[in-house]
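Chain and residue survey
Here is how the chains run, residue by residue.
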Amino acid sequence: DGPIASWFPYVRDASHEDRRAIAIARMMAKPTFRTELQELILGHDTELAAEALRLFQHLPNPSPEWIPPIAEFGRDIAQRIRMVNTTTVEQDPGYDGAAGVSIRFSAWMVAVRTLREKAGADFTPELKTILELSRVRTDSHCMRADVCRVASFYMKEWAGLDPLPTDPKPR
């Protein structure tokens, strides 16, 4: 009866598919499931937001009701990239801002691909903005390899937008 985040370790454990299925069923049975998950997704804790977003790949039939909060999360990623783009190397020598964006973006893409496939969602407007912003900080490996490369690949796949010659090549 605890918070849904307490079930995340069971979802993460790929070696026990039965435990994952039970954990997902128990989480989804909670009357507060949608509210709790949305709060985690849109919350300030990067790791919890990422785990909440990765949960989508295991949901049997995610509802189209999830599209607006996931789109909002994509717009939040864009805003975080804007902040990274205005931060100097001296202000953030460890590139922690870009690393946080990378974690959020990777998890967001899991939810986006799932909702695209299972609920017919289109997140290309958010993805296009993320792609354009991710091209600014060419000095950031996270921004180039983790965000720009992936965003460029999926914009080509989903919207027919050719990558720029300077975009990292897909793996």
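A brief report on the enclosed structure follows. The residue numbers shown here count from 1 along each chain, following its written sequence. With the structure being a predicted model, the display of local features is reserved for residues of pLDDT at least 70 and the display and counting of side-chain atom pairs for 80 or more, all residues being used for whole-chain, interface and lining totals. The side-chain numbers reported here are obtained from all heavy atoms of the structure, hydrogens and water having been left aside.

**With respect to the overall build of the protein**
Stated formally: In this text, helices come from DSSP runs of H or I with a minimum length of four residues, and strands from runs of E with a minimum of two, each type numbered from the N-terminal end. Computation of the radius of gyration draws on C-alpha atoms alone. For the globule rule, the value is 2.2 Å times the number of residues to the power 0.38. Whether a residue is buried, partly exposed or exposed follows from its accessible area with a 1.4 Å probe, protein chains only, as a fraction of its type maximum: under 20%, in between, or over 50%, in that order. The contact criterion used is simple: two residues touch if any of their non-hydrogen atoms lie within 4.5 Å. With residues, only the protein chains shown are counted as cover, and all accessible areas are computed by Shrake-Rupley using a 1.4 Å probe.
Looking only at helices and strands, one finds 8 helices and 0 strands in the protein. In terms of C-alpha radius of gyration, the protein reaches 17 Å, essentially the compact-globule figure of 16 Å for 171 residues. Dimensions of the protein, computed from the C-alpha atoms along their principal axes, are close to 45 × 35 × 30 Å. Residues counted as buried form 43% of the 171 residues belonging to the protein. Of the contacts made within the protein by residues no fewer than 6 positions apart, 67% connect residues no fewer than 24 positions apart. Of the accessible surface of the protein, which amounts to about 9,000 Å², a share of 54% is contributed by carbon and sulfur atoms.

**A closer look at the side chain of Asp167**
With respect to the helices and strands, Asp167 occurs in the segment after α8 (141–159). When its relative accessible area of 4% is taken as the criterion, Asp167 is described as buried.

**Considerations on the pattern of salt bridges**
Here is the rule: Any carboxyl oxygen of Asp or Glu that lies within 4 Å of a side-chain nitrogen of Lys or Arg is treated as forming a salt bridge with it.
For the structure on display, the rule yields 10 salt bridges. For the salt bridge of Arg12 with Glu51, the shortest nitrogen-to-oxygen distance reads 2.5 Å. One end of the pair, Arg12, is in helix α1 (residues 8–12); the other, Glu51, is in helix α4 (residues 46–54), with 39 residues separating them in the sequence. The salt bridge partner of Glu65 is Arg34, with a shortest N-O separation of 3.8 Å. Of the two residues, Glu65 is situated in the loop between α4 and α5 (67–85) and Arg34 in helix α3 (residues 33–42); the sequence distance between them amounts to 31 residues.

**Comments concerning the packing of aromatic side chains**
Quick reminder of the rule: Each Phe, Tyr or Trp ring, with Trp reduced to its six-membered ring, pairs with another whose centre is within 6.5 Å; inter-plane angles below 30 degrees give stacked pairs, above 60 give edge-to-face pairs, and intermediate values give tilted ones.
Tallying each qualifying case throughout the model produces 7 aromatic pairs. Taken together, a centroid distance of 5.1 Å and an interplanar angle of 85° make the contact between Phe56 and Trp66 edge-to-face. Of the two residues, Phe56 sits in the loop between α4 and α5 while Trp66 sits in the loop between α4 and α5, which places them 10 residues apart along the sequence. A relative accessible area of 0% places Phe56 in the buried class. By relative accessible area, Trp66 is classed as buried at 5%. A ring pair is formed by Tyr154 and Trp158, whose centres lie 4.7 Å apart and whose planes are at 45°; its orientation type is tilted.

**Quick word on the environment of Phe8**
Checked against the element boundaries, Phe8 lands in helix α1. For Phe8, a relative accessible area of 3% translates into the label buried. Along the primary structure Phe8 and Arg20 are separated by 12 residues, whereas in three dimensions their C-alpha atoms are 8.8 Å apart. Excluding anything up to four places from it in sequence, Phe8 contacts Met27, Leu37, Leu40, Leu48, Glu51, Ala52 and Leu55.

**Some thoughts on unusual backbone geometry**
Located in the positive-phi region is Tyr95, a residue other than glycine, with phi close to 55°. With respect to the helices, strands and loops of the structure, Tyr95 is situated in the loop between α5 and α6 (96–119).

Limitation: the analysis is restricted to geometry and does not speak to function.
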